[in-house]
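# An overview of the molecular structure
Residues per chain are reported as follows:
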Amino acid sequence: METLRLVLVFLHFVGFSALLGGFLREMRLRTMVVGAPVVIAAVAQFVTGALLIWIRTTMDMSVSGPKMAVKAGLALAIALVAVAGTRVRPPWAFYGVGTLAALATAVAVFWN
């Protein structure tokens, strides 16, 4: 189970890197659209995050319920905004994905 947990943590970090990298790439190119890699990364973040909560619970490791609820809500919001951003391509979706990703990172780092 510990190996599975570590693999999920790794995949969660890969998803975060792809999410942030896709956002920063679009900023650099000044196209300001949500691309398919960002949507895939957002969904990966949500799925791996949910699996990490589940596996930590099954391993009797501590889980902060309120923090995980906020993180899950942010991850779901990022995924929904990213999907909406690929269909209609409004500028608010692009900036929304970046802002929500930064907020989710701040919650992960600063909420102890």
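Residues numbered from 1 in each chain as written. Predicted model: local features only at pLDDT ≥ 70, side-chain atom pairs only at ≥ 80, totals over all residues. Heavy atoms only, no water.

Next up on the list: empty space enclosed by the protein. Scanning all chains against the criterion turns up one cavity of 30 Å³ or more. Reported here for the largest cavity is a volume of approximately 40 Å³. Mapped onto the lining of the largest cavity, the elements with two or more residues apiece are α1 (2–29) and α4 (91–110). Partitioning the lining of the largest cavity into residue classes produces six nonpolar, one polar and one charged. (1 Å grid on protein atoms, 1.4 Å probe; cavity = no way out; pocket = protein on both sides within 12 Å on 5 of 7 lines; lining within 4 Å. Points joined across faces, edges and corners; volume = space filled by probe spheres on them. Helix = DSSP H or I, 4+ residues; strand = E, 2+ residues; numbered from the N terminus. Nonpolar A, V, L, I, M, F, W, Y, C, P; charged D, E, K, R; others polar.)

Taking 1.5 Å per residue, 23 residues should reach 33 Å; helix α3 (residues 65–87) reaches 33 Å between its end C-alpha atoms and fits that length. Within α3, burial applies to Lys-67, Lys-71, Leu-74, Ala-75, Ile-78, Ala-79, Val-81, Ala-82 and Gly-85. Buried residues in α3 make contact with α1, α2 (36–58) and α4. Looking at the residues trailing α3, positive phi occurs at Arg-89, about 60°. (Expected span 1.5 Å × (residues − 1). Buried < 20%, exposed > 50% of the residue type's maximum accessible area, 1.4 Å probe, protein only. Contact = heavy atoms within 4.5 Å.)

With that settled, the discussion passes to the layout of surface pockets. A volume near 720 Å³ is recorded for the largest pocket. Taken together, 27 residues form the lining of the largest pocket, with His-12, Leu-52, Met-68, Lys-71 and Ala-108 sitting closest to its centre. Listed by contribution, the elements that provide at least two residues to the lining of the largest pocket are α1, α2, α3 and α4.

Quick look at the side chain of Thr-48 now. Locating Thr-48 in the fold gives a position in helix α2. Note on Thr-48: relative accessible area 7%, which makes it buried. Here the side chain of Thr-48 touches Gln-45 through a polar contact of 3.4 Å, landing on its backbone oxygen. Setting aside residues up to four positions removed in sequence, Thr-48 forms contacts with Leu-8, Leu-11 and His-12. (Polar contact = N/O pair within 3.5 Å; in protein donor to acceptor, adjacent residues only side chain to side chain.)

A separate point is α1. Over its 28 residues, α1 extends 40 Å from the first C-alpha to the last, a length consistent with the 40 Å expected when each residue adds 1.5 Å. Buried residues of α1: Arg-5, Leu-8, His-12, Gly-15, Leu-19, Gly-22, Phe-23 and Glu-26, and no others. Among the structural elements, α2, α3 and α4 are those in contact with the buried residues of α1. In the stretch just after α1, Arg-30 is the one whose phi turns positive, near 60°.

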